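Residues per chain are reported as follows:
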Amino acid sequence: MGDAKLWQAVALAFLCEQPVFTTKAHVFKIDPETRKQWLPVSKQAVGVSFFFDNTRRTHRIISVDGSKAIINSTITPNMTYTKTSQKFVQWADIRANTVYGLGFSEESELAKFIEKFQDAKQSARQEVERIRAQSGGSTPQTPHTPQKIPTVNGTATSQGSGTFPRDHRSSQSLNLPPENPESFQDRSDAKSDNGPLTADSQLKYENDRLKIALAQSSANAKKWEVELQTLKNNNTRLTTALQESTANVEEWKKQLAAYKEENESMKKKVLKMEGAGVQDQMDAVLIEKTQLAEEVERLKTAGQEKDRELERLQEEVEALKMRDVKNQGIQQRLLTCEQDKRDLQQRVSTLEGQLDTVLCDHRRDAQRVRDLEQQIGDKLHELTVLHQQLVTVTASNNSEETEFDA
């Protein structure tokens, strides 16, 4: 669950935040049990980026190794970094309750990272001051409450002016990575681009970001479409069943009323026959009366069952009405998602324009293949005609030889 939440945060960063700086480094985390040893979380040097949320005016450090997000750290005004060697820097994240460490292959890369870290802290501090100024300076000053700070080698890190131990023994006791450049050199990509993003890099980043957003939007849209269609089908089915059941109940009521009238008329006939003394007819009428009484009881039982079914269907209809209310929210979200999907598809279509030349070449090759297929078909037709002629000639020769033998 922790990795899933972290990955969602990374996806949100791609959608809502903009990258301002990217470098490459080996990523480490402090051992949560001992707090005295570094644990590597990346097999090689991976991209580490600063993202800026223009809405919240906050910076976030994010790093992704393959499909796994390994760093998601929001920079606060009181967050402090510690440079423990010429190529290694670490900082404590109270929210994540951990300590991150980065090992660089070059000192210049570490210097640029520290510079961006300081800029992000200054921006966060300015945002806090701006919020306080907007509130008229009425923000109460809460007393400082000690918090549980991550510790390294028994020494607590500080959110204020305190730092990690800087002596040489701290590096050895923490099992810090080696300080030589080869230990942090990424064999697949020895030199990282720490400068501003180039046009190709920006285009690749935009393309990847749009693909992620489009895939997520399409998945959500399909899921909501399926759910909405299922609810619509259930609503239609139950409504039809309710209408049929209501019609059947009305029909049964009419039949029951007709049977009751017929029963009354039969009773009158029986009374009339009893007065006339016609015993045979009376016996027949009694038998018919018994049969009609059994039929009436059966219809009453069936009517009661249908009444119960009608009540159950009415309850389902009420439940469907509640679902319809939810469907309206889903439809609104679906419309918004479809609009986002159209916008993303429109932006992706601009990238797909680069494939036109390749498609033209493909069409020309396909036309050549069709021409070759046409020529082969013509040759096959000619061979078929020749085969038929050869068969005809062979049959004619066989018939002549048969006549000659005769």
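J.: Which parts of the structure should I look at to understand the overall build of the protein?
T.: Each helix and strand counted, the protein has six helices and ten strands in total. Within the span of the protein, comprising 406 residues, buried residues form 30% of the whole. In the protein, of all internal contacts separated by at least 6 residues, the share reaching a separation of at least 24 is 64%.

J.: Explain the nonpolar core here, please?
T.: Counting residues in each nonpolar core, the largest one holds 22 residues, and the members touching the most others are Ile61, Ile71, Val89, Trp91, Leu102, Phe113 and Phe117. Contributions of two or more residues to this core are made by strand S1 (18–30), strand S3 (46–53), strand S5 (68–74), strand S7 (88–93), strand S8 (98–103) and helix H2 (107–134). When residues in this core are grouped by element, the largest group, five residues, is from H2. The contact partners of Leu102, leaving out residues within four places of it in the chain, are Ala25, His26, Val27, Val48, Ile71, Lys87, Phe88, Val89, Trp91 and Phe113.

J.: What's the story with the environment of Ala302 in this structure? I'm lost.
T.: Structurally, Ala302 can be placed in helix H5 (residues 279–352). Taking relative accessible area as the criterion, Ala302 reaches 24% and is therefore assigned partly exposed. Each C-alpha atom, one on Ala302 and one on Val249, is 9.5 Å from the other, the two residues being 53 residues apart in sequence.

About the cut-offs
- Every chain is numbered on its own, with residues counted from 1 as its sequence reads.
- Residue-level local features of this predicted model are given only where pLDDT is at least 70; pairs of side-chain atoms are given and counted only at 80 or more, and the full residue set underlies all totals for whole chains, interfaces and linings.
- The side-chain numbers reported here are obtained from all heavy atoms of the structure, hydrogens and water having been left aside.
- The secondary structure listing takes helices from DSSP runs of H or I that are at least 4 residues long and strands from runs of E that are at least 2 residues long, numbered from the N terminus.
- In this scheme, a residue with accessible area under 20% of its type's maximum is buried, one over 50% is exposed, and one in between is partly exposed, where area comes from a 1.4 Å probe on protein chains only.
- Note on contacts: a residue pair is in contact if any heavy atoms of the two residues lie within 4.5 Å.
- Joining through side-chain atoms within 4.5 Å is the link that ties buried Ala, Val, Leu, Ile, Met, Phe, Trp, Tyr and Cys residues into a set, and such a set is a nonpolar core.

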